[in-house]
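One-letter residues, chain by chain:
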Amino acid sequence: MAFSVYACTKSVEKQFLSFQQPGNFPEPVYRFATNLVTKEGFELGRKLFYDPILSRNNTISCGSCHIQTSAFTQHGHSVSHGIEDKLGVRNSPPIMNLAWNTSFMWDGGVFDLDLQPVAPITNHVEMDETVTNVISKLKAHPDYPGLFQSAFGTTEVSTARFMKALSQFMAMCVSSNSKYDSVIRKEGKTFTKQEEEGYALYKQKCSSCHTEPLFTDQSFRNNGIGIGLIDDAGRYAITLDETDRYKFKVPSLRNLDYTAPYMHDGRFLTLDAVLDHYSSGVKQTQNLDMILQNNEPGIPMTADEKTKVKAFLKTLNDKVFIANKLLSEQ
Amino acid sequence: MKSYLSIAALLFVSLVSCKKDDVPENNNPGRLSIEFDNIVDGQNLFLNTVTYTNSSGENYKVSTLKYYISNIKVTNTAGVEVVVPQDSSYFLIDESDEASHSAEVTIPKGEYRQVAFTIGVDSLRNTMDIARRTGVLDPAAGANGMYWSWNSGYIFFKIEGVSPASAEAGNVFMYHIGGFGGYSSPTINNIREVKLDLTTGGIAKVPAGGESNIHLMVDIAKLFNGSTQLSIAAKPVVMFDDFSANISNNYSTIFRHDHTEN
């Protein structure tokens, strides 16, 4: 399959690099066999991603709450602000390395990238639109039918094509050019002594959930932040399994400098607050993760260790990703 | 572009050939239509206008009634089962849309004594690539409100209405029943099978090139009065919830074969 994807890409457009698996990353999960990334498909997906036509009153685009310079999150907002400034209940997660995601949303309720956009488009506090209506608007638009033709062969605008184009753009949002990646791939960069020590501490204290190289094991866990104001039950709403109550998906540690605030409801404004939570703020709540069930709940860390861990975490910031013109609104 | 096109062509060819293999060996096909006639006790169901009384003595009006029927199978008088090709076997019955009340399938000519179908959408189709989900299965358009975007999956059965027994705003009641068993973690499974014997009401005699019509009565009164006595006052709203299994168990009994038009 890798071969055919490669072969296709090459013949479609020499300058356009289709999806590339970074050297230090595993095989992607997304089924590229059913949706080969082409220049035309990707560009259509990018245009759709940044087009407010996807919302009821044509004011909110995907890019409104997933801003590239914030690693495709809504930086500075605890929960996302949608249509007519209505507030959501959760923090916008980054559009980053989604080709490796085994599930989507903080609760994992969506299991296929191709199905994901239906949720924000139809959510009453996000875009509050119907996909049927978006498709009508796209059909009536002067440019879109031609762009669908370039991407898929005919001017037909269908749900599947609409979703697949968005998936092509989102799957291309790969963050794999942080300092950490360069060090791991032996591209010439090296960690400072502090970063090296931080890396060792990360492996000891963080890596069981925030597993390399994606820095998440994609599991659902209760990290002891305590029940939020709205009693969000997290994964429980999807499985109706009491052992899933208050569990949320482990987020990646990549690009933390750009993605504050943190946690599913954005309650921690700084990384210091996050580390302090793990060292001294973990609360005994239903289904608290076993890893955090120590004599004193949490992960013991001294102030010096926190400084080192933070130095390492900074090596996961990927400036190339947040500045990549290919992924920007054109 | 050339190789991209040829791969697309290959994919198309393989899809087409798959489809072909699924069609039962059948040189003399005829049509079988299954009519879903929604009623309440002995009365026809009318949306929004007529007040009905359920087995808990609660008055109610129905504003929406929709359900998926899929995976239709018929058994002939010799006991041989014919499975309708899956791609042609999904129907969304919508009380507000007369044209949707009849599910028409193509099967070999023959005499059939049993019809079986799924209420809802099987787990395979719930997790299939979006390109294979067209028509009523298009999760964004065709499903017409019968899809949960936040917890990927079809709503199998939806009834909404108003009742003075409901303490909800606007006295509404709504049952949105789905759940195909979960993708990566097991959860509720409300997929229900229905088997109806046709011998009393009349076997379906499907002629080559012709049609037989199986007329089913779908009694909403039994939705409230099944293995669980469903009270609107006690449960005005049921969606993705463990209790939904009681409702799907109830609605698995609402289908009755009335007569056949050969």
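Residues numbered from 1 in each chain as written. Chains lettered and ligands numbered in written order. Predicted model: local features only at pLDDT ≥ 70, side-chain atom pairs only at ≥ 80, totals over all residues. Heavy atoms only, no water.

So, about the confidence of the model for chain B. Scored by pLDDT, chain B comes out at a mean of 90, with 90% of its residues at no less than 70. Across residues 1-24 of chain B, where pLDDT falls below 50, the model places 20 contacts with residues more than four positions away in sequence or in other chains. (pLDDT = per-residue confidence, 0-100. Contact = heavy atoms within 4.5 Å.)

Here we come to the packing of aromatic side chains. Residue and element names in this part refer to chain A. Applying the stated criterion across every chain, the model contains 43 aromatic pairs over all chains. Taken together, a centroid distance of 4.9 Å and an interplanar angle of 75° make the contact between F25 and W100 edge-to-face. Linking F25 in the loop between α1 (2-12) and α2 (39-49) with W100 in the loop between α3 (62-65) and α4 (118-122), this pair joins segments that are 75 residues apart in sequence. W100 shares its class with F25; the two are buried. Taking 4.9 Å as the distance between ring centres and 25° as the angle between the ring planes, the aromatic pair formed by Y199 and F312 counts as stacked. (Phe/Tyr/Trp six-rings, centres within 6.5 Å; stacked < 30°, edge-to-face > 60°. Helix = DSSP H or I, 4+ residues; strand = E, 2+ residues; numbered from the N terminus. Buried < 20%, exposed > 50% of the residue type's maximum accessible area, 1.4 Å probe, protein only.)

Time to look at the interface of chain A and chain B. Of the residues lining the interface, 31 residues belong to chain A; the matching set on chain B comes to 30 residues. Both faces combined, the contact of chain A with chain B buries some 2,400 Å², and carbon together with sulfur accounts for 61% of it. Contact with chain B buries surface across chain A, with F111, L115 and L240 of chain A losing the most and accounting together for 26% of the total. The interface formed by chain A and chain B contains 2 salt bridges. R31 of chain A is the partner of D129 of chain B in a salt bridge, and the nearest nitrogen-oxygen pair spans 2.7 Å. Among the secondary structure elements, those contributing two or more residues to the side of chain A that touches chain B are α1, α4, α5 (131-140), α7 (159-171) and α10 (236-239) of chain A. For the side of chain A that touches chain B, the leading source of residues is α1 of chain A, giving 5 residues. Looking at the side of chain A that touches chain B residue by residue, the classes come out as 17 nonpolar, 9 polar and 5 charged. (Buried area = accessible area lost by both parts, 1.4 Å probe. Salt bridge = Lys/Arg side-chain N within 4 Å of Asp/Glu carboxyl O. Nonpolar A, V, L, I, M, F, W, Y, C, P; charged D, E, K, R; others polar.)

All names here are of chain B. Within the secondary structure, M174 sits in strand β11 (residues 172-178). Remark: the alpha-carbon pair of M174 and R133, spanning 41 residues in sequence, is separated by 26 Å. Once you skip the residues sitting within four places of it in the chain, M174 turns out to touch I159, E160, P236, V237, V238 and M239.

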